[in-house]
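# Structure assessment
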Amino acid sequence: MENTTIVETHGLTKRYGSGVLAVDSVAMSVRRGEVYGFLGPNGAGKTTTLRMLVGLIRPTSGTATVAGHTPGDPHGLARVGSLIESSAFYPYLSGRANLRVVADLAGVDQKRVNEVLDVVELSSRAHRKFGTYSTGMKQRLGVAAALLKDPDLLILDEPTNGLDPQGMAEMRRLIKDIGQGNRTVLLSSHLLGEVEQICDRVGVISNGKLVRESTVQELIGEEGVLVRAQPLDKAEQMLATLFGNDAISRQDGALHLKVKPEQSSEINRRLVGAGIGVSELRPFERSLEEVFFQLTGERQGS
Amino acid sequence: MIATIKAEWRKNRFRPAFLISSGLVAAVVVLVFMTNWYQATHPGQSDRPIPLAMLFPDQFVNDVMGAGFPLGAAMAIVLGAIVAGSEYSWGTLKTLFTQGPGRLTTWSGRIVVFTAWMAILSAILFAVGAACSVLIVTVNNHAIVWPAVADIAKGFGAMWLILTVNGMLGIAIAVLVRQSAAAIGIGVVYLLSIEIIAVRFIDGLNNGSYKWIGNLFLGQNATALIGHLSNAKGVTISAEQSLIVLFAWLAAMLVIAAGLQRVRDVT
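Residues numbered from 1 in each chain as written. Chains lettered and ligands numbered in written order. Predicted model: local features only at pLDDT ≥ 70, side-chain atom pairs only at ≥ 80, totals over all residues.

### Things to note about the overall build of chain A
Rules: Helix and strand assignments come from DSSP, with helices taken as H or I runs of at least 4 residues and strands as E runs of at least 2, each series counted from the N terminus. With C-beta atoms placed from the backbone, a residue is buried if 20 or more other C-beta atoms are within 10 Å of its own, exposed if 12 or fewer are, and partly exposed between those counts. Here, residue contact means that the backbone-derived C-beta atoms of the two residues sit within 7 Å.
For chain A, the count of helices and strands is 11 helices and 14 strands. Once the C-alpha set of chain A is aligned to its principal axes, its extents read approximately 75 × 45 × 40 Å. Looking at chain A as a whole, 44% of its 302 residues are labelled buried. Considering only intrachain contacts with a sequence separation of at least 6, the fraction spanning at least 24 residues in chain A is 69%.

Rendered as structure tokens:
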């Protein structure tokens, strides 16, 4: 039976000589055929993790399996295309010549070069030197190089970095297209809208630790009810008695309850019955951004 | 391995650094021949006049060797530093190392192509030197007499070895410091200054008791090898030793650079 996971890590850790713990016991699994979003603020350990997955960095401890092999194994790399951070090519060579170099190294037929140039819509400018490319063109060439091997797994690290809004939209569309079918895409980003639009599942990393891994729907779709009432302390006390302390949090002068919206009328009846004035009572759905800030401890707008 | 050689050749065949170096090497040889020709035909009050016959084809190997070291060696250090160091500054090492071939395979491909380029540079040195000598002998109405093929082959092999070992020094330093600029500075200063001072200091210690250490330096052995090929007097290091030491330097630089490439993280 074919393994359903294409990337699996256990206790993956990277500690640099300076003592900095960049990645701390990350256990993640990416399933075949999905678009997996790897979320985290800048410096959270996303790139270090991805570099370990493609064998550029050796982990201090822990294990990883990528496309059925240890990271960096030539057999595994033959099935993995990657764009780690910004695309890196030889500035004195044209886009096409750079892809030819990569094709030689990857053992791919040179015919494939024109095919991937078409996919990223760079054919008309493939004769120009890489050093003259705009940021968007450079990133697209990076994606083209990652696609050369027609890989089972595509690892894209912040592919929209440095792109203008139009470039970001084009890259999103490209990634969506690439992610269709059986190909697995592991997309690292700190742009939440991007991940929410593209990804099936996400892993959230913060301070080197994987703090959550689930489907996007599971993550943002945790239903709840918002209650604005006076006096708030009394309302909180009462609702805690009903649903438990863990189900209640206070945000912006309102109470957020992790309960089903169908319970709203019951909540209203109880609060009013206890002489508490209810000014607002409605179901709420969190955005990925809210979840992200909650999980990573980052403050919105900071 | 073949794939990595193909990729490295595709990458480097039109590389500006190599093309410019080829032109510079050719220009240096022309300059040396033309300057010597002028001095030979206009001796003036010179204490050491240059015989015109020294510039004829039968002597061209010696003339080329003189032009190739240390200037050609310095250029080889610069090229080695650029070839290895630019992979760090452009970030292309991560592109190379994520394609499939192992790090040592990729590294080996680079070394094969680099040594091929050193052979090309040596060939340019010899071809331009031969052309200059033919021009001089023709203008002076003398018959063209070539040196023995074996002498040309020995000279070519020695020049290739000297350029390659110096180029490998540039590569090893660039891998060590992960950049080109510092590697060029360190390598060229070492070749043209540090080694000379160090050898002079060591040779003078305890009435020359440690001269054998000075005889293990790179430049000393390159000079000795050239000296043997051009029948120079006063060469104290044997041809065999100079060959062994130069190959040992080459192997050491290869192992150090390959080891660093294999084990170090690419950040």
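### Observations regarding the sheet that holds strand E14 (residues 277-284) of chain A
All names here are of chain A. Note the threshold: Here, a strand pair is defined by DSSP locating no fewer than two bridges between the strands. Geometry is summarised by axes, namely lines fitted to C-alpha atoms with helices restricted to the contacting stretch, and by angles between N-to-C directions that run from 0 to 180 degrees.
The strand order across the open sheet built from 4 strands is E12-E13-E11-E14, with neighbouring strands paired in antiparallel fashion. Only two strands of the sheet have a single neighbouring strand rather than two, namely strand E12 (248-251) and E14. The sheet shows a mean angle of 25 degrees between the axes of neighbouring strands, taken without regard to direction. Inspection of the sheet shows strand E11 (residues 224-230) paired to strand E13 (residues 254-257) by 3 bridges, in the antiparallel sense. Residue pairing across strands places Val 227 opposite Leu 255, the latter belonging to E13. Sitting on the sheet, helix H10 (residues 264-273) touches E11 and E14, and the angle it makes with E14 is about 165 degrees.

### What to know about the interface of chain A and chain B
Facing the 22 residues of chain A at the interface are 23 residues of chain B. When contributions to the side of chain A that touches chain B are tallied by element, the ones reaching two or more residues are helix H2 (74-77) and helix H3 (95-106) of chain A. No other element matches the 6 residues that H3 of chain A contributes to the side of chain A that touches chain B.

### Some thoughts on the environment of Thr 4 of chain A
Relative to the assigned elements, Thr 4 of chain A resides in the segment before strand E1 (5-15). The contact partners of Thr 4 of chain A, leaving out residues within four places of it in the chain, are Arg 31 and Arg 32 of chain A.

### Section: the environment of Arg 58 of chain A
Within the secondary structure layout, Arg 58 of chain A lies in the loop between helix H1 (46-53) and strand E5 (61-66). In this structure the C-alpha to C-alpha distance between Arg 58 of chain A and Thr 48 of chain A, which are 10 residues apart in sequence, comes to 9.8 Å.

### Observations regarding the pairing of E1 of chain A
Residues and elements named next belong to chain A. Relative to strand E3 (residues 29-31), E1 is paired through 3 bridges, and the arrangement is antiparallel. Counterpart to Glu 8 in the pairing with E3 is Ser 29. Sheet topology note: the E1/E5 ladder contains 5 bridges and is antiparallel. Paired with Thr 13 across the bridge in E5 is Ser 61.

### Some points on the domain arrangement of chain A
To be explicit about the condition: All the domain ranges listed were derived from an automatic or database domain assignment.
Taken domain by domain, chain A comprises domain 1 (5-219) and domain 2 (223-285). Between domain 1 of chain A and domain 2 of chain A, the C-alpha centre-to-centre distance is 43 Å.

### Remarks on the confidence of the model for chain B
Just so we agree on the cut-off: As a per-residue measure, pLDDT reflects the predictor's confidence and takes values from 0 up to 100.
When pLDDT is averaged across chain B, the result is 91; 99% of the residues are at 70 or more. With pTM at 0.84, the complex prediction returns an ipTM value of 0.87.

### A look at the nonpolar core
To be explicit about the condition: The nonpolar core is taken to be a set of buried Ala, Val, Leu, Ile, Met, Phe, Trp, Tyr and Cys residues joined by way of C-beta atoms within 7 Å.
If you look at the biggest cluster of nonpolar residues, it comprises 80 residues, and the most contacted ones within it are Ala 144 and Leu 187 of chain A. It is helix H5 (residues 135-147) of chain A that contributes the most residues to this core, 7 residues altogether. Apart from residues no more than four positions distant in its own chain, Leu 187 of chain A is found in contact with Val 35, Tyr 36, Gly 37, Phe 38, Leu 156, Ile 175, Val 195, Ile 198 and Cys 199 of chain A. Among the nonpolar cores identified, the runner-up in size contains 66 residues, and Met 75, Val 78, Ile 136 and Leu 161 of chain B belong to it.

### Section: the sheet that holds strand E7 (residues 153-157) of chain A
Residues and elements named next belong to chain A. Ordered in space as E6-E7-E8-E4-E9-E10, the 6 strands form an open sheet in which the pairing is mixed. In the strand order of this sheet, the two ends are held by strand E6 (80-83) and strand E10 (209-215), each with one partner. Averaged over neighbouring strand pairs, the angle between their axes works out to 15 degrees when direction is ignored. Bridge count for strand E4 (residues 35-39) against strand E8 (residues 184-189) is 5 bridges, and the pairing is parallel. Bridged to Leu 39 within E8 is Ser 189. Across the face of the sheet, helix H6 (residues 165-179) comes into contact with E4, E7 and E8 while running at roughly 150 degrees to E8. Here helix H11 (residues 288-296) sits on the sheet in contact with E4, strand E9 (201-206) and E10, set at roughly 35 degrees to E9.

### Overview of the packing of helix H10 (residues 218-229) of chain B against helix H11 (residues 239-263) of chain B
Think of two packed helices as two axes; the pair is described by the angle between the axes and how far apart they sit. Residues and elements named next belong to chain B. Worth spelling out the cut-off: Any angle from 65 to 115 degrees is called roughly perpendicular, while one under 35 is roughly parallel, one over 145 is roughly antiparallel, and all others are oblique. Two helices cross in a left-handed way if the nearer one is turned anticlockwise from the farther one by less than a right angle. They cross in a right-handed way if the turn is clockwise. Each residue is assigned to one of three groups, with Ala, Val, Leu, Ile, Met, Phe, Trp, Tyr, Cys and Pro labelled nonpolar, Asp, Glu, Lys and Arg labelled charged, and all others, Gly among them, labelled polar.
At a minimum axis distance of 9 Å, the contact between H10 and H11 shows a crossing angle of 140 degrees. By the angle between their axes, H10 is oblique relative to H11. Of the two possible hands of crossing, H10 and H11 adopt the one that is left-handed. Where H10 abuts H11, its residues Leu 218, Asn 221, Ala 222, Ala 224, Leu 225 and His 228 lie against Ala 239, Ser 242, Leu 243, Val 245, Leu 246 and Trp 249. Taken together, the residues of the contact of H10 with H11 break down into 9 nonpolar, 3 polar and no charged.

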